[in-house]
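# Secondary and tertiary structure notes
Okay, here's what each chain looks like letter by letter:
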Amino acid sequence: MELFRIKKDIPFMRNALIFNVISALTFVAAVFFLLHKGLHFSVEFTGGTVMEVTYPKAANVDAIRKTVDSLGFTDTPVQTFGKAQDVVIRLPLPKDGNFQQQTDRVLQALKTQDPEVKLQRTELVGAQVGDELAHDGLMALLMVIAGVVVYLAIRFEWKFAVAAIIANLHDVVIILGFFAFFQWEFNLSVLAAVLAVLGYSVNESVVIFDRIRENFRKQRKMSVTEVIDNAITSTISRTVITHGCTQMMVLSMLFIGGPTLHYFAIALTIGICFGIYSSVFVAAAIAMWLGVKREDLIKPIKEKDETDGAVV
């Protein structure tokens with residue numbers, strides 16, 4: 001299925017150096033903000049108090065969130081679980097260490113809004129749990145990266161594997177850089193989005209790499225640059241369809257999904273946009289700079305020795 005067909009190849013690799021410089025500067029800026037500002041971790045990572053409250057009828061999550069925000073707990077996760085009447089609230093660790101006073105204060109404010117609200121349970125989440133989550137998340141990220149490298153090295157060639165993993169790390173670091181610069185809350189859903197972007201970006205790179213390998217087989221008179229330009233140009237229609245549909249779904253979560261999905265959708269939106277960019281101007285360009293050639297993907301056919309099988 002194609003929405004359009006471009007007859008003349010677009011010379012993407014002609015300006016690859018310029019875009020690679022832009023990518024490098026963006027990457028360095030993202031690393032700077034990560035080191036200078038750091039990430040604004042949520043309660044899951046830093047520890048805090050978890051409150052479960054129940055209402056006699058469906059809870060108004062937006063009103064509850066405004067009430068909690070009015071107490072000074074900004075960006076506090078408030079969401080329903082199980083039934084529409086049950087709500088979980090995650091509060092940061094109190095500075096004075098008195099979490100009981102903190103929960104009583106929140107509960108009193110909620111009762112002012114609705115006297116029938118009841119406290120089901122409170123639980124103190126220590127920083128140790130956050131450290132374990134951070135460790136497990138980092139290990140998951142490293143395992144995904146290692147799996148991508150092995151997969152691409154087996155399916156294609158090591159130059160493509162190196163190019164793809166650099167492009168994927170470029171996407172991940174830029175997402176984290178955005179969250180560090182704007183100090184958006186980094187929670188478990190954002191971590192899930194980062195892992196999803198890794199797989200999503202790899203998929204785009206694999207499509208382009210597949211077409212490059214196919215072109216090496218069919219277009220034997222083309223140069224390496226022409227082969228890459230033709231591969232990217234011929235997959236543009238597929239890219240527009242796939243990423244356009246995905247982006248529409250993600251934007252719907254961003255605008256109408258509510259605060260619970262807000263940062264998850266933002267991470268995916270940034271990842272999809274930069275995933276397209278990195279697959280074309282980072283992964284393909286780095287493969288070109290590494291000197292990928294026809295012989296890397298297609299074994300040369302050995303000419304048959306005319307003396308073989310000759311009768312002496």
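Since we're looking at a predicted model, the values are computed, not measured.

On to the overall build of the chain, then. A tally of helices and strands in the chain yields 11 helices and six strands. Here the C-alpha radius of gyration of the chain, 26 Å, is well above what a compact globule of 312 residues would show, namely 20 Å. Over its C-alpha atoms, taken along the principal directions, the chain stretches across nearly 100 × 40 × 40 Å. By residue count, 43% of the 312 residues in the chain fall in the buried class. Sequence separation of at least 24 residues holds for 79% of the intrachain contacts in the chain that already meet a minimum separation of 6.

Here we take up the confidence of the model for the chain. Averaged over every residue, the pLDDT of the chain is 84; the share at 70 or more is 91%. Predicted confidence in the chain is weakest over helix α11 (residues 294-297), with a mean pLDDT of 73, and strongest over helix α1 (residues 16-36), with 92.

The subject of this paragraph is the sheet that holds strand β5 (residues 118-125). The strand order β3-β4-β2-β5 describes an open sheet built from four strands, whose pairing is antiparallel. The strands lining the two open edges of the sheet, one partner per strand, are β3 (78-81) and β5. Averaged over all pairs of adjacent strands, the angle between their axes in this sheet comes to 25 degrees, without regard to strand direction. Each of β2 (48-54), β4 (83-92) and β5 is contacted by helix α4 (residues 99-113), which is oriented at about 35 degrees to β2, the strand it contacts most.

Here α1 is 21 residues long and its end C-alpha atoms lie 30 Å apart, about the 30 Å a rise of 1.5 Å per residue gives. Buried within α1 are the following residues: Ala16, Asn20, Ser23 and Ala30. All buried residues of α1 project into a common sector of 85 degrees when viewed along the axis, lining one side. In α1, those exposed residues whose orientation departs by more than 90 degrees from the buried face are Leu17, Ile18, Leu25, Val28 and His36. Residues of α1 that are buried in the fold lie against α6 (158-182) and α10 (259-289). Where α1 ends, the next residue or the one after it, Gly38, has phi of about 75 degrees, a positive value.

Time to look at the packing of helix α8 (residues 224-234) against α10. Where α8 contacts α10, the axes come no closer than 11 Å and their chain directions differ by 155 degrees. Comparing their axes, α10 and α8 come out roughly antiparallel. Handedness of the crossing formed by α8 with α10: right-handed. Across from Thr225, Ile228 and Ile232 in α8, the residues of α10 making contact are Val280, Ala284 and Met288. The residue makeup of the contact of α8 with α10, split by class, is five nonpolar, one polar and no charged.

It is worth spelling out the environment of Arg220 at this point. Relative to the helices and strands, Arg220 resides in the loop between α7 (188-218) and α8. Given a relative accessible area of 52%, Arg220 falls into the exposed group. In this structure, the C-alpha to C-alpha distance between Arg220 and Arg294, residues 74 residues apart in sequence, is 8.5 Å.

Conventions and cut-offs
Residues numbered from 1 in each chain as written. Predicted model: local features only at pLDDT ≥ 70, side-chain atom pairs only at ≥ 80, totals over all residues. Heavy atoms only, no water. Helix = DSSP H or I, 4+ residues; strand = E, 2+ residues; numbered from the N terminus. Rg over C-alpha atoms; globule rule 2.2 N^0.38 Å. Buried < 20%, exposed > 50% of the residue type's maximum accessible area, 1.4 Å probe, protein only. Contact = heavy atoms within 4.5 Å. pLDDT = per-residue confidence, 0-100. Pairing = 2+ DSSP bridges. Axes fitted to C-alpha atoms, helices over the stretch in contact; angles between N-to-C directions. Expected span 1.5 Å × (residues − 1). Arc of directions from axis to C-beta. Parallel < 35°, antiparallel > 145°, perpendicular 65-115°, else oblique. Left-handed = near helix turned anticlockwise from the far one by under 90°. Nonpolar A, V, L, I, M, F, W, Y, C, P; charged D, E, K, R; others polar.

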